[in-house]
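Residues per chain are reported as follows:
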Amino acid sequence: KREFAAAVKSFEAAAAEGHSDAEVYEGLAEAWVRQVEMAVTKELPTDEAYAAAVAASNKIMVAEPGSVSAQLKTAFAALFTLQVTTYGPSANERLQRCLSAVQNVLAKQPGHPYASDCAANCYIIASEMARQHDEDPLLDLNNARKLLETVLLQHPNFLWAINDLGNVILTIASQQQLHGDSRAREALMDSLRYYEKSAVLDH
């Protein structure tokens with residue numbers, strides 16, 4: 001916690017000296033994104049860190065309008081908070097912010113691996129939100145699967161995407177099994193293959 005506070009203080013001091021330096025705001029945004037992630041793992045409130053991450057990301061866009069970094073950091077901050085906030089009025093706003101941000105990145109850089117993976121995870125959470133409202137989650141799950149399969153064509157050893165694709169297909173298989181869909185077994189085997197590949201890359 002002390003190290004995080006020191007890092008934020010350093011970035012804020014640098015920002016006070018150089019208001020137009022996008023790299024300083026990028027470092028500050030990253031520090032707050034990691035604080036959001038840490039809060040999620042410890043099941044602590046994320047609102048303050050999330051707001052700070054978004055504010056710092058907005059300053060990146062002012063300093064460097066063409067940068068995709070601001071959109072990525074906003075998307076990841078929203079994604080992390082959604083891992084503990086899939087209920088309530090803020091969840092839908094954060095989901096839409098996540099999807100909008102990654103779509104902006106992909107419009108500028110089609111196939112961007114991290115944007116694609118982040119978008120896929122936002123769709124996974126969207127599928128859970130749909131399920132909570134007794135809606136069909138498969139549309140969002142299939143969107144996630146398509147994104148991950150596409151990015152793996154260009155980056156076949158991208159570990160995040162491999163592991164997340166295993167998760168997506170496993171969730172699809174679970175839905176198929178619940179509805180008596182005979183494709184569930186094949187999907188489970190596909191999921192297992194991706195988990196095995198991820199284990200080979202990072203045992």
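In this text the structure is predicted, and so the values were computed from the model without any measurement. (Residues numbered from 1 in each chain as written. Predicted model: local features only at pLDDT ≥ 70, side-chain atom pairs only at ≥ 80, totals over all residues. Heavy atoms only, no water.)

## Concerning the packing of helix H3 (residues 47–63) against helix H4 (residues 69–82)
Here is step 1 of the chain: For the pair H3 and H4, the least separation of the axes is 8 Å and the interaxial angle reads 170°. Here H3 is positioned roughly antiparallel relative to H4, judged by the angle of their axes. Judged by residue contacts, Tyr50, Ala53, Val54, Ser57, Ile60 and Met61 of H3 engage Ser69, Ala70, Gln71, Lys73, Thr74, Ala77, Ala78 and Thr81 from H4.
Here is step 2 of the chain: In terms of residue class, the contact of H3 with H4 is built from 8 nonpolar, 5 polar and 1 charged. (Axes fitted to C-alpha atoms, helices over the stretch in contact; angles between N-to-C directions. Helix = DSSP H or I, 4+ residues; strand = E, 2+ residues; numbered from the N terminus. Parallel < 35°, antiparallel > 145°, perpendicular 65-115°, else oblique. Contact = heavy atoms within 4.5 Å. Nonpolar A, V, L, I, M, F, W, Y, C, P; charged D, E, K, R; others polar.)

## Observations regarding the state of the cysteines
Here is step 1 of the chain: Counting across every chain of the model gives 1 disulfide.
Here is step 2 of the chain: The disulfide partner of Cys98 is Cys122, and the S-S distance across this bridge is 1.8 Å. On the sign convention where negative means left-handed, the S-S torsion of about 50° between Cys98 and Cys122 marks this disulfide as right-handed. Here Cys98 is found in helix H5 (residues 89–108), whereas its partner Cys122 is found in helix H6 (residues 113–132), with 24 residues between them in sequence. The same class applies to Cys98 as to Cys122, namely buried.
Here is step 3 of the chain: Counting only cysteine sulfurs, Cys98 is the nearest neighbor of Cys118, a cysteine outside any disulfide, at a range of 4.0 Å.
Here is step 4 of the chain: Judged by relative accessible area, Cys118 falls into the buried class, the value being 0%. (Disulfide = S-S within 2.5 Å. Buried < 20%, exposed > 50% of the residue type's maximum accessible area, 1.4 Å probe, protein only.)

## As for the pattern of salt bridges
Oppositely charged side chains can pair when the atoms bearing their charge come close.
Here is step 1 of the chain: Applying the stated criterion across every chain yields a total of 10 salt bridges.
Here is step 2 of the chain: The salt bridge partner of Asp181 is Arg183, with a shortest N-O separation of 2.7 Å.
Here is step 3 of the chain: Judged by relative accessible area, which is 23%, Asp181 ranks as partly exposed.
Here is step 4 of the chain: Beyond isolated ion pairs, a larger network of salt bridges with shared partners links Glu30, Arg34, Glu37 and Lys73. (Salt bridge = Lys/Arg side-chain N within 4 Å of Asp/Glu carboxyl O.)

## Re the layout of surface pockets
A water-sized probe rolled over the atoms picks out the places where empty space is left.
Here is step 1 of the chain: Put simply, the second largest pocket is a space of about 170 Å³.
Here is step 2 of the chain: Lining the second largest pocket are Arg34, Phe76, Leu79, Phe80, Gln83, Asp117, Cys118, Asn121, Trp160 and Asp164.
Here is step 3 of the chain: Contributing elements (two or more residues each) for the lining of the second largest pocket: H4, H6 and helix H8 (159–178).
Here is step 4 of the chain: Of the residues belonging to the lining of the second largest pocket, the class tally is 5 nonpolar, 2 polar and 3 charged. (1 Å grid on protein atoms, 1.4 Å probe; cavity = no way out; pocket = protein on both sides within 12 Å on 5 of 7 lines; lining within 4 Å. Points joined across faces, edges and corners; volume = space filled by probe spheres on them.)

## Things to note about the packing of aromatic side chains
Remark: the centre distance and the inter-plane angle together describe each pair of aromatic rings, the angle taken between the planes.
Here is step 1 of the chain: On inspection of all chains with the given rule, the structure shows 5 aromatic pairs.
Here is step 2 of the chain: Judged by centre distance (6.3 Å) and plane angle (70°), the rings of Phe76 and Trp160 are edge-to-face. With a gap of 84 residues between them, Phe76 in helix H4 and Trp160 in helix H8 connect regions that are remote in the sequence.
Here is step 3 of the chain: A relative accessible area of 43% places Trp160 in the partly exposed class.
Here is step 4 of the chain: A centroid spacing of 5.3 Å and a plane angle of 75° characterise the contact between Tyr114 and Phe158, whose relative ring orientation is edge-to-face. Within this pair, whereas Tyr114 is found in helix H6, its partner Phe158 is found in the loop between helix H7 (138–154) and H8, the two being separated by 44 residues in sequence.
Here is step 5 of the chain: Residue Tyr114 is classed as partly exposed on the basis of its relative accessible area of 39%. (Phe/Tyr/Trp six-rings, centres within 6.5 Å; stacked < 30°, edge-to-face > 60°.)

## Quick notes on the packing of H8 against helix H9 (residues 184–201)
Here is step 1 of the chain: Taken N-terminus to C-terminus, the directions of H8 and H9 make an angle of 160°; their axes are 8 Å apart at the nearest point. As far as their axial angle goes, H9 and H8 are roughly antiparallel. The crossing of H8 and H9 is left-handed. Residue-level inspection shows Leu159, Ile162, Asn163, Leu165, Gly166, Asn167, Ile169, Leu170, Ala173, Gln176 and Gln177 of H8 in contact with H9, the latter providing Ala184, Ala187, Leu188, Asp190, Ser191, Tyr194, Tyr195, Lys197, Ser198 and Leu201.
Here is step 2 of the chain: Broken down by class, the residue content of the contact of H8 with H9 amounts to 12 nonpolar, 7 polar and 2 charged. (Left-handed = near helix turned anticlockwise from the far one by under 90°.)

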